[in-house]
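Descriptive structure summary
Now for the letters of each chain:
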Amino acid sequence: MPAKPAPIKKAGKKEPAKKAEPAPAPVPEPEPAPVEAAPVEAAPAPAEGEAPPAEGAPAEGAAPAEGEAPAAPPAEEPKAPTPPPPDAAAVPAAGEAAVTADPKAPVDTEAAEAPVPEEPKPPSPPPPPPKEPTSAPVELFVEDKNDTSVSIIWSQPETIGHSGLDGYTIETCKDGTEDWKAVNTELQKSCRYVIKNQTTGDRLKIRVVALNAGGRSAPVCLPEAVLVKEVADRPKVRLPRFLRQRYVANVGDKINLTVPFTGKPKPVVTWTKNGQPLDTKKVNVRSGDRDSILFIRSAEREDSGVYEMCVKVEDFEDKSSLTLQIVELPGAPATMKIVDTWGFNAALEWTPPVDNGNTDITGYTIQKADKKTGDWFTVLEHYHRLNATISDLIMGNTYKFRVFAENKCGMSEGAAVTKGEAKILKTGIDYKPVEFKEHDFNEPPKFTTALNDRSTTVGYSTKLLCSVRGSPKPKIQWLKNQMVIIDDPKYRQICVQGICSLEIRKPGNFDGGVYVCRARNDHGEATVTCKLEVKQPVIADADKK
């Protein structure tokens, strides 16, 4: 009956009874699960004519709050409680003891009005997003192709989604059919793939599909079928800049020249020297897909010449040539002779060398040797003419001459030597010394710098300076107040190269006066004077006190 739960609400409004608070056993904190089954919610459970549930019966596993009265009215006799679970037995026992002690005790109003607050449940995780495939890859095009393979390249899909991207599948079929077949056994991670082992002349339709956990994406296809055939490209020799001029190397050098070229399919490369096939015993050629290498292990002068490289693709060809020059030191000049000798000079002439070292002669070096010593000395170098005049030869000596040739590699090892000798004869000139009158350097002393008046303080050393000249060297004397200063340790006299100085060490009140410096020699004497003032030191007023 619905009228029976009413006493529960009224009882909740009464003042709480302090007698119901003590319990024989400690009441554990109610667990979240039994709190959900509050007594108010369980009140309408009995049907009409049925008795309410027994006091403190944990039929629904709910533990009554501290001091709460059971739901049964006091008039009815309590039924035997259903045995509670082992872990919740202590809580109902405490409630029954409270009811038996005082069934009419007031119930805690706050506990009845507000049941135990439910602990907030953690929010349930959102459902996982549905697995969806990516959008179609974009920008598919042919990067390269030849007679047996096609290289394609594409960009990743614009929209990938939560499922990510696992890879790509490349599918092909022949033009005119729809029999698409995957050509890669494993998923392709990169956005580039080479479709190999194709038949020359076939027309292929190609498409790319992106795959992930959501399945296959929409395919991206080439706009038209691809013909499996090498793309013909006119051949072109890319001769490096340093080979467009004459390439010069020394005898014995290793020659390794790389010449790049382009063309499709792979061009046929041929080399010639001066219009003739190469001698494979001396010159080696290695050609790749993009360049050709001309290699000579040890260059000789016979390897010099014009080398021509020709690349050919079908009916197209391109040629380029380079000039290789192998040089070495030149030979010695052919002949050398003395044309004339006069005074201290000798005129020479010579002829160029027979062997110029396979390059132009850049100059000559001429040397001379005295017959007495036999030592060679260079008198001219990097000289360009075939004749020269050697000057400043020593009278009475006999000379021989030799000449070396020079080119880019250096100076020739051998030299052409004159057969004859150039003898510089004595002309019989009598030497007459020039008569001149010796200058008389004697002079009386003369002061070039005079003494200056000085002022000093008691206890502070000072120095007097002047300068004098004369020949012979004058004798210096210092005077104080017309008294000669001799061996006084208070004064130090120095005269070095005409600079005269008198140092007065820690002068006193009586060291002031007129000082004179006197210079005297056999031709006269000279003096200079100055005044020296010795002042008392200034004492501050504070120091006086």
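It should be noted that the structure appears before, not after, this text.
To keep things clear, this report deals only with the structure shown in the data block.

1. Here's the deal with the overall build of the protein chain
Scanning the protein chain from terminus to terminus reveals six helices and 36 strands. When the 545 residues of the protein chain are sorted by exposure, 31% land in the buried category. Look at the contacts in the protein chain between residues 6 or more apart in sequence, and 64% of them connect residues 24 or more apart. As displayed, the protein chain offers around 35,500 Å² of accessible surface, 52% of which is attributable to carbon and sulfur atoms.

2. Comments concerning the sheet that holds strand β13 (residues 268–273)
Read across the sheet, five strands follow the order β11-β18-β17-β13-β14 without closing on themselves; strand pairing throughout is mixed. For this open sheet the edge positions go to β11 (247–250) and β14 (276–277), each flanked by a neighbour on one side alone. When strand β17 (residues 305–313) meets strand β18 (residues 316–327), the two strands line up antiparallel, connected through nine bridges. Bridging across to β18, C310 finds its partner in K319.

3. What about the nonpolar core?
Core analysis: the largest hydrophobic core is formed by 21 residues, its most contacted members being I255, V259, W271, L294, Y307, M309 and L322. Those elements that place two or more of their residues in this core are β12 (255–264), β13, β16 (291–296), β17 and β18. The element best represented in this core is β12, accounting for four residues. Formed by 20 residues, the second largest nonpolar core is a distinct cluster that contains F447, V468, C500 and A526.

4. Some thoughts on the pairing of strand β35 (residues 513–521)
Direction of pairing for strand β31 (residues 475–480) relative to β35: antiparallel, over a ladder of six bridges. When the sheet's bridge partners are listed, Q477 is paired in β35 with R518. In sequence, β35 turns back onto strand β36 (residues 524–535) through a hairpin of two residues.

5. Things to note about the pattern of salt bridges
Overall, the coordinates contain 16 salt bridges when judged by the stated rule. For D144, the salt bridge goes to K264, with nearest N and O atoms at 2.8 Å. Here K264 lies in strand β12 and D144 lies in strand β1 (residues 138–145), a separation of 120 residues in the sequence. K264 sits in the partly exposed class, given a relative accessible area of 28%. Between K490 and D511 there is a salt bridge, with the nearest N and O atoms lying 3.3 Å from each other. Of this pair, K490 sits in the loop between β32 (483–484) and β33 (491–496) while D511 sits in the loop between β34 (499–504) and β35, and the two are 21 residues apart along the sequence. The class of K490 is partly exposed, set by a relative accessible area of 25%. Of the residues examined, D511 reaches a relative accessible area of 7% and is grouped as buried. Taken together, the salt bridges that share partners define one network made up of E171, R207 and R216.

6. Focus on the layout of surface pockets
Size it by volume and the second largest pocket reaches roughly 370 Å³. Lining the second largest pocket we find 17 residues, and of these D144, E230, G263, K264 and D289 sit closest to its centre. Breaking the lining of the second largest pocket down by element, the ones donating at least two residues are β1, β2 (150–155) and β12. Among the elements that line the lining of the second largest pocket, the one with the most residues is β12, at four residues. The residue inventory of the lining of the second largest pocket, partitioned by class, reads four nonpolar, five polar and eight charged.

7. Considerations on the packing of aromatic side chains
Tallied over the full model, the rule gives five aromatic pairs. Their ring planes at 75 degrees and their centres at 5.4 Å tell us that W154 and Y168 sit as a pair that is edge-to-face. Of this pair, W154 sits in strand β2 while Y168 sits in strand β3 (residues 167–174), and the two are 14 residues apart along the sequence. Taking the relative accessible area as the measure of exposure, W154 reaches 4% and is therefore buried.

8. Considering the state of the cysteines
Enumeration over the complete set of coordinates arrives at zero disulfides. Unpaired in terms of disulfides, C495 finds its nearest cysteine sulfur in C500, a separation of 3.2 Å. Here C517 is not disulfide-linked; the sulfur of C466 is the nearest cysteine sulfur, at 3.7 Å. The exposure class of C517 is buried, given its relative accessible area of 0%.

9. Description of the side chain of N397
Note that N397 resides in the loop between β23 (387–390) and β24 (398–407). A distance of 3.3 Å separates polar atoms of two side chains, one belonging to N397 and the other to D370. Setting aside its immediate chain neighbours within four residues, N397 contacts D370, K372, A422, K423 and I424.

Calculation rules
- Residues numbered from 1 in each chain as written.
- Predicted model: local features only at pLDDT ≥ 70, side-chain atom pairs only at ≥ 80, totals over all residues.
- Heavy atoms only, no water.
- Helix = DSSP H or I, 4+ residues; strand = E, 2+ residues; numbered from the N terminus.
- Buried < 20%, exposed > 50% of the residue type's maximum accessible area, 1.4 Å probe, protein only.
- Contact = heavy atoms within 4.5 Å.
- Areas by Shrake-Rupley, 256 points an atom, 1.4 Å probe, with all protein chains shown as cover.
- Pairing = 2+ DSSP bridges.
- Core = buried A, V, L, I, M, F, W, Y, C linked by side-chain atoms within 4.5 Å.
- Salt bridge = Lys/Arg side-chain N within 4 Å of Asp/Glu carboxyl O.
- 1 Å grid on protein atoms, 1.4 Å probe; cavity = no way out; pocket = protein on both sides within 12 Å on 5 of 7 lines; lining within 4 Å.
- Points joined across faces, edges and corners; volume = space filled by probe spheres on them.
- Nonpolar A, V, L, I, M, F, W, Y, C, P; charged D, E, K, R; others polar.
- Phe/Tyr/Trp six-rings, centres within 6.5 Å; stacked < 30°, edge-to-face > 60°.
- Disulfide = S-S within 2.5 Å.
- Polar contact = N/O pair within 3.5 Å; in protein donor to acceptor, adjacent residues only side chain to side chain.

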